[in-house]
Amino acid sequence: MAVSIALRWVRRIVVLAFCAAVALVLFALFRPPPQDLPWTPLRLDQPAGLFTGRKIVALGRDASACRAVLKDAGLRFTAVTPRGPEACRVGNSVRIAPRQDMLTLTPIVATACPVAAGLLVWQAQVVQPAAQRLLGTTVARIEHFGSYACRRMYGRSEGNWSEHSTGNAIDISAFVLADGRRVSVLRDWSKGNARGRFLHAVRDGGCPLFATILSPDYNAAHRDHLHLDQADRGDMGWRACR
């Protein structure tokens, strides 16, 4: 009886050990890249993965960590002193240095650090490849309507505060190409040509990198720009791409 019980336990241990060995082999063979794992550090020079967007949003909770990520990526910027009233307090903002290929924004702007991180990956991995594929050239600069504005959503007198109220958003209006052409959200969004396809491609490609993207397809208030923000929606981490 005792021998039979011992044999059963031995068999169970052998089976468990075998299963564990198989699992380790499978993990080694099919191990996902770091950007697809939630616990690996964020690197902006890696291809965007399943958890890249959430990791960028989380940078809003740690200003020093966010700036370290930007610095490691090679972006030139200066930290902005916290400012603004309580409802519109900007405490994790950076001013992007001008005349650098890594992030070609015009005019010069300060944004919340996670927005800058998202823009950096977006330009390198979405905007430039789409421009080369669809327009046969690169983007020389990205035009915008600004980032910080102490206001509620849609400028209402009550209701939720906009992500712009903390600089955690930016409104992209146009892309100026290396050959001088200008692709405008207002003028080109609805066109079925290469310019229109480019604008839709950069909107779609940005969805995994920003917590929110709102385009002319969403409503008339966004007819002339792409709204990009890094709203921190907690552990649920749901995203809005419209």
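To keep things clear, this report deals only with the structure shown in the data block.

Definitions and cut-offs
- Residues numbered from 1 in each chain as written.
- Predicted model: local features only at pLDDT ≥ 70, side-chain atom pairs only at ≥ 80, totals over all residues.
- Heavy atoms only, no water.
- 1 Å grid on protein atoms, 1.4 Å probe; cavity = no way out; pocket = protein on both sides within 12 Å on 5 of 7 lines; lining within 4 Å.
- Points joined across faces, edges and corners; volume = space filled by probe spheres on them.
- Nonpolar A, V, L, I, M, F, W, Y, C, P; charged D, E, K, R; others polar.
- Phe/Tyr/Trp six-rings, centres within 6.5 Å; stacked < 30°, edge-to-face > 60°.
- Helix = DSSP H or I, 4+ residues; strand = E, 2+ residues; numbered from the N terminus.
- Buried < 20%, exposed > 50% of the residue type's maximum accessible area, 1.4 Å probe, protein only.
- Contact = heavy atoms within 4.5 Å.
- Axes fitted to C-alpha atoms, helices over the stretch in contact; angles between N-to-C directions.
- Parallel < 35°, antiparallel > 145°, perpendicular 65-115°, else oblique.
- Left-handed = near helix turned anticlockwise from the far one by under 90°.

Description of the layout of surface pockets
- Reported here for the largest pocket is a volume of approximately 480 Å³.
- In terms of lining, the largest pocket is formed by 22 residues, of which the most central are Met-153, Tyr-154, Leu-214, His-227 and Asp-229.
- Per-class residue counts for the lining of the largest pocket are nine nonpolar, seven polar and six charged.
- Volume-wise, the second largest pocket comes out at about 200 Å³.
- Around the second largest pocket, the lining comprises 14 residues; the ones closest to its centre are Gly-60, Asn-92, Ala-112, Thr-166 and Asn-168.
- Its residues placed into classes, the lining of the second largest pocket shows four nonpolar, six polar and four charged.

What to know about the packing of aromatic side chains
- Tallied over the full model, the rule gives three aromatic pairs.
- Arranged with centres 6.2 Å apart and planes meeting at 85 degrees, the rings of Trp-122 and Phe-210 form a pair that is edge-to-face. With Trp-122 in helix H4 (residues 113-135) and Phe-210 in the loop between helix H6 (194-206) and strand S8 (212-214), the pair connects residues that are 88 residues apart, well separated along the chain. Here Trp-122 matches Phe-210 in class, with each residue buried.
- Ring geometry for Phe-175 against Phe-198: centres 5.2 Å apart, planes inclined by 85 degrees, an arrangement best described as edge-to-face. Linking Phe-175 in strand S6 (residues 169-177) with Phe-198 in helix H6, this pair joins segments that are 23 residues apart in sequence. Like Phe-198, Phe-175 is buried.
- An aromatic cluster is built from Trp-122, Phe-175, Phe-198 and Phe-210, whose rings are joined through pairwise contacts.

Some details on unusual backbone geometry
- A cis amide bond links Thr-106 to the next residue, Pro-107, at an omega of 0 degrees.
- Along the polypeptide, Pro-107 turns up in the loop between strand S3 (105-106) and strand S4 (110-112).
- Backbone geometry places Tyr-154, a non-glycine residue, at a positive phi of 60 degrees.
- For Tyr-154, the location among the structural elements is in the loop between strand S5 (139-146) and S6.
- Note on Tyr-154: relative accessible area 37%, which makes it partly exposed.

Remarks on the side chain of Thr-111
- You can see Thr-111 is positioned in strand S4.
- Apart from the residues within four sequence positions on either side, Thr-111 is in contact with Asn-92, Ser-93, Val-94, Ala-116, Ser-147, Gly-167 and Ile-170.

Description of the packing of H4 against H6
- Relative to each other, H4 and H6 sit at 155 degrees, their axes nearing to 9 Å. Between H4 and H6, the angle falls in the class roughly antiparallel. By crossing handedness, the relation of H4 to H6 is classed as right-handed. Here H4 contributes Trp-122, Val-126, Val-127, Ala-130, Ala-131, Arg-133, Leu-134 and Leu-135 to the contact with H6, which in turn contributes Ala-194, Arg-195, Arg-197, Phe-198, Ala-201, Val-202, Gly-205 and Gly-206.
- Here the contact of H4 with H6 is built from residues that sort into eleven nonpolar, two polar and three charged.

On their own, these measurements won't tell you what the molecule is for.
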